[in-house]
Amino acid sequence: MSEIVSQILKELDTLEESASKLRSVAAGAGKQTDLEVAILNQQMAELRDKNARATEFVNDAMEIIKKLKKTED
């Protein structure tokens with residue numbers, strides 16, 4: 001009987017150790033995911049800014065073309 005209890009306790013210790021390792025890995029993955037999300041958010045903000053500037057340049061170019069066409073007529 002004592003042998004069975006000892007084996008059960010040993011297996012519980014092993015299980016507890018595994019659970020602890022899994023919690024650690026999950027916490028690390030969560031931090032990495034947060035970092036990746038922050039990086040992607042920053043990249044998206046930069047892309048939106050570039051897109052807005054590009055739109056302004058296109059609009060300015062269109063206005064110039066319209067003015068040039070009017071002066072030709």
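Description of the structure in this document. All values reported here derive from a predicted model rather than from experimental measurement. (Residues numbered from 1 in each chain as written. Predicted model: local features only at pLDDT ≥ 70, side-chain atom pairs only at ≥ 80, totals over all residues. Heavy atoms only, no water.)

Before going further, it helps to examine the overall build of the chain. When its secondary structure is counted, the chain shows one helix and zero strands. Compactness check: the chain gives a C-alpha radius of gyration of 31 Å against a globular reference of 11 Å for 73 residues, more than 25% above the reference. Along the first, second and third principal axes, the C-alpha set of the chain runs to 105 × 15 × 5 Å. A buried classification covers 0% of the 73 residues belonging to the chain. When the accessible surface of the chain is split by element, carbon and sulfur atoms take 60% of a total near 7,000 Å². Taken together, the 11 basic and 14 acidic charged side chains of the chain have centroids lying 8 Å from each other. (Helix = DSSP H or I, 4+ residues; strand = E, 2+ residues; numbered from the N terminus. Rg over C-alpha atoms; globule rule 2.2 N^0.38 Å. Buried < 20%, exposed > 50% of the residue type's maximum accessible area, 1.4 Å probe, protein only. Areas by Shrake-Rupley, 256 points an atom, 1.4 Å probe, with all protein chains shown as cover. Lys, Arg positive; Asp, Glu negative; His and termini not counted. Charge placed at Lys NZ, Arg CZ, Asp CG, Glu CD.)

Let's shift gears to the pattern of salt bridges. Counted according to the given criterion, the structure contains two salt bridges. For Glu17, the salt bridge goes to Lys21, with nearest N and O atoms at 3.9 Å. With Glu17 and Lys21 both in helix H1 (residues 2-72), this residue pair falls four residues apart, about one helical turn. (Salt bridge = Lys/Arg side-chain N within 4 Å of Asp/Glu carboxyl O.)

For the rest of this paragraph, the subject is a nonpolar patch on the surface. A surface patch of nonpolar side chains, amounting to about 740 Å² of accessible area, comprises Met1, Ile4, Val5, Ile8, Leu9, Leu12 and Leu15. The topology assignment puts Val5 in helix H1. Its relative accessible area of 41% is what places Val5 among the partly exposed residues. (Patch = residues over 30% accessible without salt bridge, like charges linked within 9 Å, V, L, I, M, F, W, Y side chains within 5 Å.)

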